[in-house]
Amino acid sequence: MLATLLIVFREVIEAGLIVGIVLAATKGVPRRGLWVSYGVIGGVAGACLVAAFAGEIAPLFEGSGQELFNASILLLAVAMLTWHNVWMASHGRAIAQEMRQVGVAVATGQRPLAALSVVCGVAVLREGSEVVLFLYGIAASGGTSATGMMVGGAVGVLAGAGLSALMYLGLLTIPARHLFSVTSSLITLLAAGLAAQAVAFLQQAGYVEALTFTVWDSSWLLSDSSVVGRLVHTLIGYTDRPTAAQIVVYLLTIATIVGLMRFQRSRPLAISAKRSSAEIASEHGVGIRPPRSARATVTN
Amino acid sequence: MIEDFYWQGISRMRYILPVSVLITAFLTSVTALGADDLSFELSLKEHKFTPSELTIPADKRVKLTIKNLDSTPAEFESHNFKVEKVIPAGGEVSLYIGPLKGGTYGFFDDFHEDETKGTLIAK
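Remember, it's a predicted structure, so these values are computed and weren't measured experimentally.

Parameters and conventions
Residues numbered from 1 in each chain as written. Chains lettered and ligands numbered in written order. Predicted model: local features only at pLDDT ≥ 70, side-chain atom pairs only at ≥ 80, totals over all residues. Pairing = 2+ DSSP bridges. Helix = DSSP H or I, 4+ residues; strand = E, 2+ residues; numbered from the N terminus. Axes fitted to C-alpha atoms, helices over the stretch in contact; angles between N-to-C directions. Expected span 1.5 Å × (residues − 1). Buried ≥ 20, exposed ≤ 12 C-beta atoms within 10 Å, placed from the backbone. Core = buried A, V, L, I, M, F, W, Y, C linked by C-beta atoms within 7 Å. Contact = placed C-beta atoms within 7 Å. Parallel < 35°, antiparallel > 145°, perpendicular 65-115°, else oblique. Left-handed = near helix turned anticlockwise from the far one by under 90°.

J.: So what exactly am I meant to see when it comes to the sheet that holds strand β7 (residues 92-97) of chain B here?
T.: Within a sheet, neighbouring strands are paired by backbone hydrogen bonds and run either parallel or antiparallel to one another. Residues and elements named next belong to chain B. Judged by pairing direction, the sheet is mixed, and its four strands sit side by side in the order β2-β1-β4-β7 without closing on themselves. Among the strands making up the open sheet, the edge pair consists of β2 (48-50) and β7. Going from strand to strand, the sheet's axes swing by 25 degrees on average, the running direction of each strand aside. Two elements, strand β1 (residues 39-45) and β2, share three bridges in a ladder whose sense is antiparallel. Bridging from a neighbouring strand, Lys 45 pairs with Lys 48 of β2.

So this is what it looks like as structure tokens:
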């Protein structure tokens, strides 16, 4: 039961932190809950499918199907997070401003939300398929009773979700003015970490063959298999024994995202960001109630 | 004004060299499948690795094939040499590791972490 609890807790936190950051990054954006839910539900469904067909996926691509699959969904998430950040670079200011205005609906495009929905889905899919496989393995080997597994799993989910919720609430205490720059930085590091993880899979599958030597070993300081180490691993991609290729890709990802954000910001404000609140309101129906966050900010 | 532009240009150019070095380094690192074929095998039966202690050459990239003879899925994993791969019940997977410095490394089945462990020695 304890084994089930621990592994479920571990995987739920990993997915939950990413969902928490996404939720904080989209504070004040209407219908984000719906999109994030789509992502999470899609991820759970996908995890069950992946687990059910694990036997079929593995032999594809001469046995490196798992790595290619993992690397692809990781890189997909990196692309989506980059898109979000670049989009926020031009619209973030507008959104933060709208949030401070009285009774104005915050109107934003739905596209970045779809992208973040994919990110949540991918996070849940990865961690979820591990949980399903693990539970199946335990159940099949008869190591523990069904009740023990159910209880352990449920407690694991609750504890993991609880910790993720705390992290989300912690992020929300940041004033709206700074929230987007904090979440942008978090998302940049998150994306760089995911890219470095993708490299690890490509190395393991033999697709990246040079620069695969380990650059340093900081496991004496913070092991990435410890609880704190895993959190830092999920958040910023910390690895206690990174390879040179991982470090190169990590830095390149940060440079690319920061570069694109600067470029986007240096361009004159996009028309959509400059539109008056009245225009936006008329487009989306005047009666829209501003999100709670917008109302709350006003009283400050 | 003109000076500003000048210095901006210089400060942008500063990035060109390191960035292009990084890109080149990355591109040369992405090559086709395994050049050398130093292969080693492991099998997994009744949640035990055979051999439970495997010796590989240090500072060499090595291909490792693991057969799962059990009827439950396993996940071959190591914190020390950073691999993570699910092996379906009755399945077989291959993966590449290293080059590793001389030393002792641990690996395990993540789905049965307490009972299913092994040691990898690089020398």
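J.: Just to check I follow, could you spell out helix α7 (residues 176-204) of chain A for this structure?
T.: Spacing of three or four residues puts side chains on the same side of an α-helix, whose turn is 3.6 residues. All names here are of chain A. Look at α7: 42 Å from first C-alpha to last across 29 residues, which is about the 42 Å you get at 1.5 Å a residue. Of all the 29 residues making up α7, 22 are buried; the element is thus mostly covered by neighbouring parts of the structure. Count one or two residues on from α7 and you reach Gly 206, which has phi positive near 85 degrees.

J.: Even after reading the chapter, I still don't get the nonpolar core, so can you show me in this structure?
T.: Nonpolar side chains in soluble globular proteins generally cluster together in the buried interior. All names here are of chain A. With 96 residues, the main nonpolar core has Ile 18, Val 22, Val 119, Cys 120 and Ala 195 as its most contacted residues. A total of 16 residues in this core trace back to one element, the largest contributor, which is helix α5 (residues 111-141). Residues within four places of Cys 120 in sequence aside, it is in contact with Ile 18, Val 19, Val 22, Val 36, Gly 39, Val 40 and Gly 43.

J.: Would you mind going over the packing of helix α1 (residues 2-25) of chain A against helix α6 (residues 146-172) of chain A with me for this structure?
T.: Packed helices, taken two at a time, are described by their axes: the angle between them and the distance between them. Residues and elements named next belong to chain A. Relative to each other, α1 and α6 sit at 25 degrees, their axes nearing to 7 Å. The pairing of α1 with α6 is recorded here as roughly parallel in orientation. Between α1 and α6 lies a crossing of right-handed hand.

J.: Which parts of the structure should I look at to understand the sheet that holds strand β9 (residues 117-122) of chain B?
T.: Residues and elements named next belong to chain B. With mixed pairing, five strands are arranged side by side in an open sheet as β3-β9-β8-β5-β6. With partners counted over all chains shown, the strands left at the sheet margins are β3 (53-56) and β6 (83-87), one partner each. In this sheet, adjacent strand axes meet at a mean angle of 20 degrees when their direction is disregarded. Of the pairings in the sheet, the one linking β3 to β9 comprises four bridges and is parallel in character. In the sheet register, Thr 55 faces β9, and the bridge partner there is Ile 121.

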